[in-house]
Amino acid sequence: MQSVELLLDPATDAAVRAEWAALSAAGLPSQADHRGESNAPHVSVAVADGFPAKAEEALVTAVRALPFDVRLGPPVLLGGRRLVLARLVVPAPSVLALHAEVTTALTGAAGPSPHTAPRRWVPHVTLARGIPVDGLAAALGVLRGADGAVPEIAGRAVELRRWDSEARRTWAVGAA
């Protein structure tokens with residue numbers, strides 16, 4: 001599997017990692033439990049079984065849009081084999097434009113994921129996978145601020161990276 005991921009500035013990355021740590025400290029599933037060196041807060045922009053040979057060169061154009069502001073909004077629960085607790089990325093014009101550009105660059109990808117297809121993509125940053133239904137209230141409690149609301153996180157999108165699950169490696173788009 002191949003993916004293109006949007007990375008966050010250091011302060012926003014740290015804020016998400018603090019939420020990961022708080023979930024883990026509360027005995028809940030958390031991305032903090034994933035110890036792989038490539039594990040970082042990110043937004044999956046495109047996922048497919050394989051990308052066309054021209055993908056790397058075509059993606060360099062998308063990098064020119066960076067950096068731009070992003071807002072991590074309310075928690076969102078995504079279904080599937082395991083429940084995923086995530087932060088919704090507010091779909092601002094800059095986020096949607098980047099997604100469109102990446103989608104165009106990857107035209108002809110083998111086995112594209114329907115979850116990252118235009119009009120189906122829900123931009124998000126994963127906080128935890130495998131949240132049990134009876135642990136949702138506790139997880140939301142961990143994320144709430146003193147006023148009882150889950151505060152937004154304002155930050156910047158700063159880099160596109162590629163992930164190759166077979167080679168188990170990442171690299172910055174446009175890096176030599």
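The rules behind the values
Residues numbered from 1 in each chain as written. Predicted model: local features only at pLDDT ≥ 70, side-chain atom pairs only at ≥ 80, totals over all residues. Heavy atoms only, no water. Helix = DSSP H or I, 4+ residues; strand = E, 2+ residues; numbered from the N terminus. Buried < 20%, exposed > 50% of the residue type's maximum accessible area, 1.4 Å probe, protein only. Contact = heavy atoms within 4.5 Å. Salt bridge = Lys/Arg side-chain N within 4 Å of Asp/Glu carboxyl O. Arc of directions from axis to C-beta. Pairing = 2+ DSSP bridges.

Colleague: So what's going on with the environment of alanine 26? Residues and values would help.
Modeller: Inspection of the secondary structure assignment puts alanine 26 in the loop between α1 (10-25) and β2 (42-50). Sequence separation between alanine 26 and valine 142 is 116 residues; the distance between their C-alpha atoms is 7.6 Å.

Colleague: So, the environment of glycine 50: which residues are in play, and what are the values?
Modeller: Note on placement: glycine 50 falls in strand β2. Overall, the relative accessible area of 16% leaves glycine 50 in the buried class. Residues glycine 50 and glycine 111, 61 residues apart in the sequence, show an inter-C-alpha distance of 6.9 Å. Apart from residues no more than four positions distant in its own chain, glycine 50 is found in contact with Gln2, Ala109 and Ala110.

Colleague: An account of the pattern of salt bridges is needed here, citing residue identities and associated values.
Modeller: It is possible for side chains of opposite charge to pair when their charged atoms get near one another. Tallying each qualifying case throughout the model produces 6 salt bridges. Its salt-bridge partner being arginine 162, residue glutamate 56 comes within 2.5 Å of it at the nearest N-O pair. With a gap of 106 residues between them, glutamate 56 in helix α2 (residues 55-63) and arginine 162 in strand β7 (residues 153-164) connect regions that are remote in the sequence.

Colleague: Just give me the short version of α2, but keep the residues and values in it.
Modeller: Because an α-helix completes one turn every 3.6 residues, residues spaced three or four positions apart along the sequence face the same direction. Within α2 the residues assigned to the buried category are Ala55, Leu59 and Ala62. Projected down its long axis, α2 shows its buried positions confined to an angular sector of 35°, all on one face. On its buried face, α2 sits against β1 (2-8), α3 (93-105) and β7.

Colleague: Would you mind going over the pairing of β7 in detail, with residue names and values included?
Modeller: Looking down a regular strand, the side chains alternate between one sheet face and the other. Two strands pair when backbone bridges link them, and β1 and β7 are joined in this way by 7 bridges, in the antiparallel orientation. From the neighbouring strand, leucine 8 faces β7, where its bridge partner is alanine 157. Judged from the 5 bridges that link them, strand β3 (residues 68-78) and β7 form a sheet pairing that is antiparallel. Each residue of the ladder has a partner; that of aspartate 69, found in β7, is arginine 156.

So, to be careful, I would describe these as geometric facts and stop short of saying anything about function.
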